[in-house]
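Observations on the three-dimensional arrangement
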Amino acid sequence: MSKPVVAFVCVHNACRSQIAEALGRLLAGDVLESCSAGTEPKDRIDPNAVRLMRTQYGVEMERSQHPKSWESLKPVDLLITMGCGVSCPVLREDWGLEDPTGCGDAAYEKVIRQIHEKVLDLRRRLEEGLMLQ
């Protein structure tokens with residue numbers, strides 16, 4: 001059986017959704033295929049998110065990830081928005097995360113911890129067959 005495809009979506013696809021994609025691969029890559037996108041993607045991933053993910057997890061997001069439009073995604077099994085009020089026609093779940101962009105490291109670290117916990121919970125739900133709510 002193939003792994004379900006989970007897309008993490010926000011407006012700019014530059015911070016929270018990129019972190020979620022990276023942590024999805026790192027923490028749950030054996031049970032899901034992780035991707036991300038935005039409705040109005042930026043040109044690059046937020047440098048603070050890149051730096052903190054490198055420092056905390058050893059993940060080099062810019063090597064395998066880049067901002068992209070949600071229209072470019074292949075079909076997904078679960079679409080998760082980050083709490084940015086983005087309107088997607090196939091919304092399944094919203095994680096309600098504050099945007100740390102422009103704030104200090106503490107705000108980024110808080111969001112990274114929240115995403116870490118939510119990815120682990122998503123992993124548990126997938127393993128228990130509770131993926132779609």
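No experiment lies behind these values; they were computed from the predicted model shown.

1. What about the nonpolar core?
As a rule of thumb, nonpolar side chains are buried together in soluble globular proteins. Core analysis: the largest hydrophobic core is formed by 31 residues, its most contacted members being Ile-19, Met-61, Trp-95, Ile-115 and Leu-122. Secondary structure elements with two or more residues in this core: strand S1 (5-10), helix H1 (16-28), helix H2 (47-57), strand S3 (78-81) and helix H4 (105-127). Tallying contributions element by element places H4 first for this core, with seven residues. Discounting residues that sit within four places of it in the chain, Ile-115 has contacts with Arg-16, Ile-19, Ala-20, Leu-23, Trp-95 and Leu-97. Counting seven residues, the second-largest nonpolar core is a separate cluster that includes Val-5, Ala-37, Leu-73 and Leu-79.

2. Concerning the sheet that holds S3
The four strands are arranged S2-S1-S3-S4 in an open sheet whose pairing can be described as parallel. Every interior strand has two partners, whereas the edge strands, strand S2 (33-38) and strand S4 (93-94), have only one. Bridge count for S1 against S2 is six bridges, and the pairing is parallel. Bridge pairing in S2 links Cys-10 to Gly-38. Relative to the sheet, H1 contacts S1 and S2, its axis offset from that of S2 by approximately 175°.

Calculation criteria
Residues numbered from 1 in each chain as written. Predicted model: local features only at pLDDT ≥ 70, side-chain atom pairs only at ≥ 80, totals over all residues. Heavy atoms only, no water. Core = buried A, V, L, I, M, F, W, Y, C linked by side-chain atoms within 4.5 Å. Buried < 20%, exposed > 50% of the residue type's maximum accessible area, 1.4 Å probe, protein only. Helix = DSSP H or I, 4+ residues; strand = E, 2+ residues; numbered from the N terminus. Contact = heavy atoms within 4.5 Å. Pairing = 2+ DSSP bridges. Axes fitted to C-alpha atoms, helices over the stretch in contact; angles between N-to-C directions.

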